[in-house]
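# Inside the fold
Chain by chain, the residues run as shown.
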Amino acid sequence: MEHFNIAIDGPAGAGKSTIAKLAAKRLGFVYVDTGAMYRTMALHFLREGIDPKDETAVGAACAGVDVTITYKDGVQQVLLNGENVSGLIRSEEVGNMASAISGYLPVREKLVELQKELAKRENVIMDGRDIGTCVLPEAPVKIYLTASVSVRAGRRYKELADRGVRADIKEIERDIEERDYRDMHREHSPLMQAEDAILLDSSEMTLEEVVRRIFAAAAERGCQAAAHALREQEEQ
């Protein structure tokens, strides 16, 4: 394989993006936040007032959307039709819309092609719901990262509290359970663990422990950058 790809899948709130960003930075890989791409599509649909249950309307609206990921000073920038929307796509409303429309075939077809092409050109770490099963099925390292609903809700509650946003943790738990169900039962590319993916439950693990496990798996499969990163950690 010309480029080394790492696929990280798992349910909402499992820490996929945090882990993937940290690992990519240490390895010098490109981090591809597929969730941000779906959220960007969702933001467009919300702005257009489209009902997420109306698959026909969602499919028709895909034609007018351009989603691009670029990097500026090492920071990912997500562009919606040329507009930087990186700071607008992390709300609960956008997240719920993204979950609702991510299983629609026109949405997936629009974004998967871009994700595949990027992985052919670069060493990437890509996280999402179906990376190891559908987007990068040939990736040498596949991780299924999960955590209990209570742990994931607690993380989200803390994140909101740190931003000064009031929230009900029970409501967050219900949202997570509903999103899990939608993601696992959607018609196209449902969330599931790839047969050859490594299961990591981060409920009782630190970020460093999760990253180390990923690097160890990558090093075993010939990733020199991961082997070097492990040696550096051992020397510290």
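Residues numbered from 1 in each chain as written. Predicted model: local features only at pLDDT ≥ 70, side-chain atom pairs only at ≥ 80, totals over all residues. Heavy atoms only, no water.

Turning our attention to the overall build of the protein. Scanning the protein from terminus to terminus reveals ten helices and eight strands. Oriented by its inertia axes, the alpha-carbon framework of the protein measures out at about 55 × 40 × 35 Å. Across the 236 residues that make up the protein, the buried fraction comes to 47%. Here the analysis covers contacts within the protein between residues at least 6 apart in sequence; of these, 73% occur between residues at least 24 apart. For the protein, the exposed surface amounts to about 12000 Å²; the carbon and sulfur share of it is 49%. (Helix = DSSP H or I, 4+ residues; strand = E, 2+ residues; numbered from the N terminus. Buried < 20%, exposed > 50% of the residue type's maximum accessible area, 1.4 Å probe, protein only. Contact = heavy atoms within 4.5 Å. Areas by Shrake-Rupley, 256 points an atom, 1.4 Å probe, with all protein chains shown as cover.)

In this structure's numbering, the residues bearing the UniProt feature "domain: Cytidylate kinase" (unreviewed entry) are residues 6–217. In this annotation, residues 6–217 is assigned 50% helix and 17% strand; the end-to-end C-alpha distance for the span is 10 Å. (UniProt positions renumbered as here; feature names shortened; annotations may be inferred.)

Looking at the secondary structure, you find D130 in the loop between strand 6 (124–128) and helix 6 (131–135). Every residue in contact with D130, bar those within four places of it in the chain, is listed here: D9, R108, V135, R186 and S189.

What follows concerns the nonpolar core. Membership of the largest hydrophobic core comes to 36 residues, with the highest contact counts inside it found for M41, F45, V107, M126 and L136. Secondary-structure elements contributing two or more residues to this core are helix 2 (34–47), helix 3 (55–61), strand 3 (67–72), strand 4 (75–80), helix 4 (92–101), helix 5 (105–121), strand 6 and helix 6. If one sorts the elements of this core by residue count, helix 2 sits on top with seven residues. Ignoring any residue separated from it by four or fewer positions in sequence, one finds M41 in contact with C62, V65, V67, V107, K110 and L111. One finds F4, A24, V210 and A218 within the second-largest nonpolar core, a separate group that totals 26 residues. (Core = buried A, V, L, I, M, F, W, Y, C linked by side-chain atoms within 4.5 Å.)

Reading across the sheet, the five strands line up as 2-6-1-7-8 and stay open at both edges, with parallel pairing between neighbours. Edge strands, defined here as strands with exactly one partner in the open sheet, are strand 2 (30–33) and strand 8 (198–201). When strand polarity is set aside, the average angle formed by the axes of neighbouring strands in this sheet is 20 degrees. In the sheet, strand 1 (residues 5–9) pairs with strand 7 (residues 141–146) via four bridges, with the strands oriented parallel. Bridged to I6 within strand 7 is V141. (Pairing = 2+ DSSP bridges. Axes fitted to C-alpha atoms, helices over the stretch in contact; angles between N-to-C directions.)

Summarising the element assignment, T68 is placed in strand 3. What makes T68 partly exposed here is its relative accessible area of 28%. Leaving out residues up to four positions away in the same chain, T68 has contacts with Q77, V78 and L79.

In this structure, N81 takes a positive phi of about 50 degrees despite not being glycine. Relative to the helices and strands, N81 is located in the loop between strand 4 and strand 5 (83–84).

Backbone hydrogen bonds hold the strands of a sheet together, and the pairing may be parallel or antiparallel. Reading across from one edge, 3-4-5 is the order of the three strands in this open sheet, with antiparallel pairing throughout. On the outer flanks of this sheet lie strand 3 and strand 5, each paired with one strand and no other. Most of the contacts of helix 2 go to strand 4, to which it runs at about 30 degrees, and overall it touches strand 3, strand 4 and strand 5.

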